[in-house]
Amino acid sequence: METWPIGVFASVDAGLGVGWNVISELKVPTIQLHAPHPGNRTAATAESLKAQLEKLGVRCTAVFGGFEGESYADIPTVVKTIGLVPAETRQSRLEEMFEISDFAKNLGCDTIALHLGFVPEEPSDDGYAEIVEVTRKLCDYCSKNGQYLHLETGQETADGLIEFIHQVQRENLKINFDPANMILYGSGEPIEALKKVAKHVRSIHCKDGTWSDQPGKTWGAEVPLGQGAVNFREYLKTLKEIGYTGPLTIEREIPQDPVRQKQEIGHAIELLTSLKAELLG
């Protein structure tokens, strides 16, 4: 299989990621997929999507979970609303993730992923044990479906993430590394973080961002690939050093402007293709 095939983030019905016409026109070989809305996670939808992807010559490498009521408005809102961390929605969202795991299995995809939410930094912190427990339950369900569970980086420091994975103790728990999220959330220098978590990384995002003037308190800004604080040459060089050979999945969510989307994704593909040629020879 090709090393570092280019990919994009897409969705069936959530209006996120790259449009299907753009995927088709730019001929990207892989996608990560945002899971369909609850009513659309059927075996029939999976079969139809599978046929569509085969026709386009595209492989789905991960299905991402997302939930009603999540908001990325600002960092405090993320803490309150994202993933499996908020206790009041935890059980219903866990059941949704089981459904997403089954959908991914019907699609023929061996990976599901999500933003788990803000995990406290220390195992002794309030609520930590319960988050470990729910993650184990999800890992065990994925395991029955022959799948990995990938945690998207961003909210935790690299050290916090390593400790959490150690606490969960499940072989199929891995990382989807997003360098821009480390910058946007102010959780650490991305290249340094990547080196630390290297052995757990099984998928990655190519996204760029700039630091906030109050890292960790307010958002940084997401920007087109190559225009932010992620040094992409250094990023890919580090991916090569740690032995990562999987897709380079571009995540850039500006679906409301398809012309700009196609231009930016096209530019990102050019940048990554050129770095790939330079670094892989």
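What counts and how
Residues numbered from 1 in each chain as written. Predicted model: local features only at pLDDT ≥ 70, side-chain atom pairs only at ≥ 80, totals over all residues. Heavy atoms only, no water. Helix = DSSP H or I, 4+ residues; strand = E, 2+ residues; numbered from the N terminus. Buried < 20%, exposed > 50% of the residue type's maximum accessible area, 1.4 Å probe, protein only. Axes fitted to C-alpha atoms, helices over the stretch in contact; angles between N-to-C directions. Parallel < 35°, antiparallel > 145°, perpendicular 65-115°, else oblique. Left-handed = near helix turned anticlockwise from the far one by under 90°. Contact = heavy atoms within 4.5 Å. Nonpolar A, V, L, I, M, F, W, Y, C, P; charged D, E, K, R; others polar. Phe/Tyr/Trp six-rings, centres within 6.5 Å; stacked < 30°, edge-to-face > 60°. Salt bridge = Lys/Arg side-chain N within 4 Å of Asp/Glu carboxyl O.

(A) Summary view of the environment of Gln169. Secondary-structure assignment places Gln169 in the loop between α6 (158-168) and β6 (173-177). What makes Gln169 exposed here is its relative accessible area of 56%. Sequence-wise, Gln169 and Val132 are 37 residues apart; in three dimensions their C-alpha atoms are separated by 9.2 Å.

(B) Seen up close, the packing of α6 against helix α8 (residues 190-197). At a minimum axis distance of 9 Å, the contact between α6 and α8 shows a crossing angle of 20°. Between α6 and α8, the angle falls in the class roughly parallel. Read as a crossing pair, α6 and α8 show a hand that is right-handed. Every residue of α8 that contacts α6 at Ala158, Asp159 and Ile162 is listed here: Ala193, Lys196 and Val197. Classifying every residue of the contact of α6 with α8 gives four nonpolar, no polar and two charged.

(C) Representation of the packing of aromatic side chains in the model. Under the defined criterion, the tally for this structure stands at seven aromatic pairs. Where Phe9 meets Phe64, the ring centres are 5.4 Å apart and the plane angle is 75°; that geometry is what we call edge-to-face. In this pair, Phe9 sits in strand β1 (residues 6-11) while Phe64 sits in strand β3 (residues 59-64), placing the two residues 55 residues apart along the sequence. Given a relative accessible area of 4%, Phe9 falls into the buried group. Pairing Phe177 with Tyr235 gives two aromatic rings, centres 6.3 Å apart and planes at 35°, and the pair type is tilted. Of the two residues, Phe177 sits in strand β6 while Tyr235 sits in helix α9 (residues 232-241), which places them 58 residues apart along the sequence. In this structure, Phe177 and Tyr235 share a single accessibility class: buried. The rings of Phe118, Tyr185 and Trp219 are connected pair by pair, giving a single aromatic cluster.

(D) Just the pattern of salt bridges, in detail. Counted under the stated rule, the structure contains 16 salt bridges. Here Arg233 makes a salt bridge to Glu278, at a shortest N to O gap of 2.6 Å. Taken together, the residues span a long stretch of sequence, with Arg233 in helix α9 and Glu278 in helix α10 (residues 258-280) at a distance of 45 residues. Sharing partners across several salt bridges, the network here consists of Glu222, Arg252, Arg260 and Glu264.

(E) Broad picture of the side chain of Thr61. Looking at the element boundaries, Thr61 is found in strand β3. Not counting residues within four places of it along the chain, the set of residues in contact with Thr61 comprises Thr30, Ile31, Gln32, Cys109, Asp110, Thr111 and Pro247.

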